[in-house]
Amino acid sequence: MTELALHILDIANNSTRANATEIKISVVADSREDLLTISVADNGCGMSEELLARVTDPFATTRTTRKVGLGIPLFKQAAESTGGALTITSKVGVGTTTTATFTLSHIDRVPMGDLTATMTTLIGGAPETDFVLHYEVDGRAYEFDTSPVREIMEGIPLSEPEVLGYIGEMIAENIENINGGIII
Ligand SMILES: Nc1ncnc2c1ncn2[C@@H]1O[C@H](COP(=O)(O)OP(=O)(O)O)[C@@H](O)[C@H]1O
Ligand SMILES: [Mg+2]
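Residues numbered from 1 in each chain as written. Chains lettered and ligands numbered in written order. Predicted model: local features only at pLDDT ≥ 70, side-chain atom pairs only at ≥ 80, totals over all residues.

*Asks:* With reference to specific residues and values, describe helix H6 (residues 161-179).
*Replies:* Given a rise of 1.5 Å per residue, 19 residues ought to cover 27 Å, and the 26 Å separating the end C-alpha atoms of H6 matches this to within 8%. For H6, the set of buried residues is Val163, Ile167, Ile171 and Ile175. Down the axis of H6, the sector holding all buried residues measures 90 degrees, keeping them to one side. Opposite the buried face of H6, by more than 90 degrees, sit the exposed residues Pro161, Glu162, Gly165, Glu169, Glu173, Glu176 and Asn177. At the C-terminal side of H6, Gly180 shows a positive phi close to 55 degrees. (Helix = DSSP H or I, 4+ residues; strand = E, 2+ residues; numbered from the N terminus. Expected span 1.5 Å × (residues − 1). Buried ≥ 20, exposed ≤ 12 C-beta atoms within 10 Å, placed from the backbone. Arc of directions from axis to C-beta.)

Structure follows, in structure tokens:
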């Protein structure tokens with residue numbers, strides 16, 4: 001994939017399919033450590049130890065529509081090609097956290113791409129789910145949370161185009177501020 005944001009979309013879609021009500025996405029870039037850490041944490045159905053052991057293998061999936069689940073293996077490959085790694089912790093009935101690390105400056109490190117589009121796509125597809133985005137670059141952090149937005153909207157679904165547009169503008173502006181000219 002050409003954008004890390006698309007990997008994040010895929011991994012967070014696993015969380016919505018696992019019936020998570022809360023999904024926390026964290027993107028932390030640290031130029032001094034030359035490290036980019038991306039994690040997606042959910043409170044969904046979790047995975048059995050047996051599935052968890054197989055899930056980074058491209059031939060493991062519980063979907064019936066497609067035999068080969070590639071989201072996790074591709075994300076793992078993207079991380080490992082930069083000298084990073086992918087780890088998953090999961091517990092049935094509790095949830096799953098998927099974490100990938102990347103060498104920030106590595107030539108093979110895929111650019112972040114449109115994280116805002118990933119967030120609005122996720123929220124538009126699961127407007128009742130609580131999404132949190134923690135975005136941090138060199139200690140400057142921004143946190144977006146759907147909960148207060150939902151309260152302000154007083155019953156208007158977050159999937160309404162105008163609401164999604166407002167959310168998108170807010171996230172994009174804050175990400176740009178945090179980046180401060182650096183392209184992640
Ligand atoms: N957050 C999650 N919670 C529960 N199960 C998950 C989660 N992420 C992945 N899985 C399980 O791992 C499988 C493989 O995921 P993935 O590699 O993204 O492929 P796909 O989504 O195409 O099946 C999923 O089908 C699902 O059974
Ligand atoms: Mg998937």
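Text resumes after the structure shown.
*Asks:* Any chance you could break down the sheet that holds strand E1 (residues 22-30) for me, citing the residues and the numbers?
*Replies:* Here we have six strands laid out as an open sheet, ordered E3-E4-E2-E1-E5-E6, and mixed in their pairing. Looking at which strands have only one partner, the edges of the open sheet turn out to be strand E3 (86-91) and strand E6 (140-145). Pairs of neighbouring strands in the sheet enclose a mean axial angle of 10 degrees, with direction left out of account. Judged from the eight bridges that link them, E1 and strand E5 (residues 130-137) form a sheet pairing that is parallel. Within E5, the position partnered with Ile23 by the bridge is Phe131. Running over the sheet, helix H3 (residues 71-80) touches E3 and strand E4 (95-103) and is turned about 30 degrees from E4. (Pairing = 2+ DSSP bridges. Axes fitted to C-alpha atoms, helices over the stretch in contact; angles between N-to-C directions. Contact = placed C-beta atoms within 7 Å.)

*Asks:* So, the packing of helix H1 (residues 4-17) against helix H4 (residues 115-125): which residues are in play, and what are the values?
*Replies:* Two packed helices can be described by the angle between their axes and the distance between those axes. Here H1 crosses H4 at 20 degrees, and the two axes come no closer than 9 Å. By the angle class used here, H1 and H4 are roughly parallel. The way H1 lies across H4 gives a crossing that is right-handed. Each of Ala5, Ile8, Leu9, Ala12 and Thr16 in H1 lies in contact with H4, whose residues at this interface are Leu115, Ala117, Thr118, Thr121, Leu122 and Gly125. Each residue belonging to the contact of H1 with H4 can be placed in one class, and the counts come to seven nonpolar, four polar and no charged. (Parallel < 35°, antiparallel > 145°, perpendicular 65-115°, else oblique. Left-handed = near helix turned anticlockwise from the far one by under 90°. Nonpolar A, V, L, I, M, F, W, Y, C, P; charged D, E, K, R; others polar.)

*Asks:* How would you summarise H3 if you had to cite specific residues and measurements?
*Replies:* Along H3, the residues that are buried comprise Gly71, Ile72, Phe75, Lys76, Ala78 and Ala79. Down the axis of H3, the buried side of the element spans an arc of 160 degrees, and every buried residue falls inside it.

*Asks:* Go over the site of ligand 1 with me, naming the residues and quoting the values.
*Replies:* The immediate surroundings of ligand 1 are formed by 19 residues, with Asn14, Ala18, Gly69, Gly71 and Ile72 found nearest. The set of elements that each furnish at least two residues to the shell around ligand 1 consists of H1 and H3. Along the lines of polarity and charge, the residues of the shell around ligand 1 split into seven nonpolar, nine polar and three charged. (Near = placed C-beta within 6 Å.)

Interpretation note: all reported values are geometric properties and have no functional meaning in isolation.
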